[in-house]
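Observations on the three-dimensional arrangement
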Amino acid sequence: MRVISQAFQEISPADFFYRNREIAGFSNPSKAVFSAIRELVENSLDATEPFGILPDIYIRLSSTSNNEVEEGFYSLIVEDNGIGIPGEHIPHAFCQFLFSSKYRLRQSRGTFGLGGTMAILYGQVTTNKPVRVVSSTGDQKIYEFLLMIDIERNRPIILGKKTYNNDEQWHGTIVEISLEGDYPRAKPKIVDYLKQTAIANPYANIMFVDPRGRLYKFERTMSTLPPQPKETLPHPHGVDVETMHRMVRATQCKTLIDFLEKHFHRVGRQTARSFLEFAGFPEDMDPKALKPEEIVRLVQAMRSFNGFLPPDASCLSPLGEEILKAGIVKELEPEFVAVTQRKPSAYSGHPFIVEVGIAYGGKVPVRDDGDITLYRFANKIPLVYDESGDVSWKVIKSIEWRRYGVEPGMPLAVIVHICSTKVPWKTVGKEMIADRPEISHEILYGIREVARKLKLYLSRKEKAKHEKARLSVFAKYLPKIAEFSTKLAGEKNVPDIKGLLRRVRRLEGD
Amino acid sequence: MREISSSTRERRKEVLLRLENFGREIYKQIEEGFFPKIIMPSRSTDNIFYDPSLRQYVLGNKRKRRSAGNIRHIRSVTQLVWMAYFVHELTLNQKTSTLRDVFYSAQAYDVPFESQDESDNIITDLESILGYAREDFNVFPEERSAVFGDLTIEYTVPNYEGRRLNLTSHPDGVMIGPALTSAEFIETSADKVIAIEKGGLFTRFIEERVHERFNAILVLLGGQAPRSTRYLIRRLNHELGLPVYIFTDADPWGMHIAMVIISGSANAAHLRDLTTPDAKWAGVWASDIVKYKLPSEKLDDIDVKRLNELARDTRYKGDPWQRELNMFMKIQRKCELEAFSRYGLTHIVDKYLPERLGELE
């Protein structure tokens, strides 16, 4: 027997993401510039809307290349009017991985504060330039930091720090990074992303100035913000063994029945009692006395117990039909629009809500392949890559659209928004939502509902067109019948046909 | 010589009056605030019946309604009213037209027809509403046939009105066009009509003075006889009381040329006055091929098929039809009128014609 000595090495989270940056969407220069914009814009939205602030977001991407050798280098500035970050937290918030204020059980765009830091890391490794962050919470001071990431140690390196007086009580954050990118290739996706962001956030002002100086402006058309989600307890169906360990360790409760009632979502005294009976644990057992194998058994029993109430959706922040409709009308100016919000549902203990819109005509694009245009959103984030692998696309393709009067090549868009405390991503790239039966069911029924309304509209439109053609036939022929019969009868005056034409119109219910 | 009182002027007045009444009916409905409706006999095949007493096809009791209030009808109602107006103008001004001509004329009034079939169909509708053939309202076919013999006619068409012509005036015969169709019969010495399928024989008969030797008016059918020719034959039969003998090729197609003159066609079931039920198919019969040892050809498949169809046709009951159909089937041969030339050019006139007329008279 030989002993093999190996060098074991711990790597920091920063190092891990540095080595695996493609999983966060930074796999190539084109995708990277898209992802950097997306991550920073989402941070800006998360710093405004949940705090009752109407978002004003300004994005500028400029080329920093001076010659052909350096082609493909950019400076990216994203500025918002959000709540800002207290000065002492700025270095960690931006330059340390897995440092976040979003570790809570309520819906938000991001969770781990990973995306923004990833963009900074990517900028640093491609240009070796620091990130500049300016922020204020609206108090007396504005802070400006020049930062880099110590990748091996997952620590911020502060290269410079300035403070300014904030007489105007400005609040918000400005992030400026340098990065390598390929804007010409990324442009269509970036513009799509911003346009779709404007659909999902019609209460936001978004301005984007691209490297060639073109301004893309998405203006706010409503000033109502969606209601904010409440923080929630974990639902028994969604808890795993590790979570249970932590909860048991942290709890003050002395009995299992108290523990269940206090720490779990929608579990009351009665439900807790019948669950414990089902699981075979005594009500007065001290949770801290649970042995590891008993914790596993408890979690398994929770999964298989049918007596829990489904999670409620108060922790979710759907757009609401009004906002969704306003967003669609604003960006697509359709001839017809219908939206619906499905009732909250849950998969594996995670509540979710599906919202669906359908838009026809106007500026709704017609795809070259004649398919329906699909706009996908997850927790208000547009998903612009990997459409064909998404559950919504699968559902759309499964529908017999002709039944709803839809022909290939029509200017028709379907908008699907899924919001959940835990979106079931298919991959770590967060571009595709997995096909959970509960979710695809809600999407299907949502689409059917709006498609039925579309059908009604299309058939009414068709009927109106038909009736117009019909009337024109009568208007063309009746005068001739009158004319020739008058001549044939040897009469002098042509009889009046206005009454007959009116009757044709009345038959049409016009 | 017999003096005849004829009917074409009366008939023209009647046609004009009917057209005007049709217009007044439409006019009245519009004036009273109704969508004008037109009711006419249905010409669908399930409404065509053979009437043994009239000895022709007639339409049954089914009616079709065309209403200007119906999107699917208004176009054809317009076409019909225009058509009535147009042919009224033609008839009133004594101008003639053809089916093709009418189709194009419609465009001048912005009443377009998609095809000539459509306008032909509207003309047929008008025929069935009025009960008159299109020749009565001056729409004539393209095909023309001819007539020759001692019959004096008087033209009624403009510029020729009152002028008379004897139909022996031209050795090629006189074309049966609109002017002749509308002419009045004045006098004749003939005592029969001989109708001939083909132009060659018609000329031979004139050369051989058949009209004098047999006291006959000769009519060239030119294949399936145009309706104006059928109408002329009927007038010769009805107004002058002349028996009519029809000579065709000895084949199913020749037989049917004779039959259409005698009993009419299903297509014209809505019309009267086109048939001559007492006319006789005088030959050439299948039995003549045997009797006169005529050169003949074998029947084609299509001939046999047609014979079978005719055998089932209700008009072909009785003789000579059944007898000759059976004979065709039996000998499986056919021959043309010209086959008699096998025995010399005048054989048909010298031998066959007197024998056959003698048999039939």
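Residues numbered from 1 in each chain as written. Chains lettered and ligands numbered in written order. Predicted model: local features only at pLDDT ≥ 70, side-chain atom pairs only at ≥ 80, totals over all residues.

Let's talk about the overall build of chain A
Counting its secondary structure elements, chain A contains 13 helices and 14 strands. A total of 510 residues make up chain A; the buried ones form 42% of that total. Within chain A, contacts between residues at least 6 apart in sequence are counted, and of these 73% link residues at least 24 apart. (Helix = DSSP H or I, 4+ residues; strand = E, 2+ residues; numbered from the N terminus. Buried ≥ 20, exposed ≤ 12 C-beta atoms within 10 Å, placed from the backbone. Contact = placed C-beta atoms within 7 Å.)

A short note on the interface of chain A and chain B
In this complex, chain A contributes 20 residues to the contact, which on the side of chain B involves 24 residues. In terms of residue count, the dominant contributor to the side of chain A that touches chain B is helix 12 (residues 437-489) of chain A (14 residues). For the side of chain A that touches chain B, the residue count by class is 12 nonpolar, four polar and four charged. (Nonpolar A, V, L, I, M, F, W, Y, C, P; charged D, E, K, R; others polar.)

A look at the packing of helix 6 (residues 241-250) of chain A against helix 9 (residues 292-304) of chain A
Residues and elements named next belong to chain A. Between helix 6 and helix 9, the least distance of the axes is 9 Å, while the angle of their chain directions is 115°. Crossing hand, helix 6 versus helix 9: right-handed. Taken together, the residues of helix 9 that come into contact with helix 6 (itself represented by Val241, Met244, His245 and Val248) are Ile295, Val296, Leu298 and Val299. Here the contact of helix 6 with helix 9 is composed, by residue class, of seven nonpolar, one polar and no charged. (Axes fitted to C-alpha atoms, helices over the stretch in contact; angles between N-to-C directions. Left-handed = near helix turned anticlockwise from the far one by under 90°.)

Describing the sheet that holds strand 7 (residues 205-209) of chain A
All names here are of chain A. Pairing is mixed across the open sheet formed by eight strands, whose spatial order is 5-4-3-6-2-1-7-8. In this open sheet, the two edge strands, each paired with only one partner strand, are strand 5 (155-165) and strand 8 (215-218). Within the sheet, the average angular offset between the axes of one strand and its neighbour, ignoring direction, is 15°. In terms of strand pairing, strand 3 (residues 131-137) meets strand 6 (residues 171-180) through six bridges, oriented antiparallel. Looking at the pairing, arginine 132 lines up with glutamate 176 of strand 6. With respect to the sheet, helix 4 (residues 114-127) is in contact with strand 2 (73-80), strand 3, strand 4 (141-150) and strand 6, its orientation differing from that of strand 6 by roughly 35°. Helix-sheet contacts for helix 5 (residues 183-200) involve strand 1 (56-63), strand 2, strand 7 and strand 8, and the interaxial angle to strand 8 is about 15°. (Pairing = 2+ DSSP bridges.)

Brief notes about the sheet that holds strand 16 (residues 280-283) of chain B
Either a parallel or an antiparallel arrangement is found when strands of a sheet pair, and the pairing is made through backbone hydrogen bonds. Residues and elements named next belong to chain B. A sheet is described by the order of its strands in space; here six strands give the open sequence 11-8-14-13-15-16, paired in mixed fashion. Single-partner strands in this sheet number two, and they are strand 11 (174-175) and strand 16. Both strand 8 (residues 146-148) and strand 14 (residues 216-220) contribute to a ladder of three bridges, which runs antiparallel. Of the residues in strand 14, the one forming a bridge with alanine 146 is leucine 220.

Section: helix 1 (residues 8-31) of chain B
Residue and element names in this part refer to chain B. The end-to-end C-alpha distance of helix 1 is 35 Å, a good match for the 34 Å that 24 residues give at a rise of 1.5 Å each. Turning to helix 1, its buried residues are Val15, Leu19, Phe22, Gly23, Ile26, Tyr27, Gln29 and Ile30. Directly after helix 1, the chain includes glycine 33, whose backbone phi takes a positive value near 85°. (Expected span 1.5 Å × (residues − 1).)

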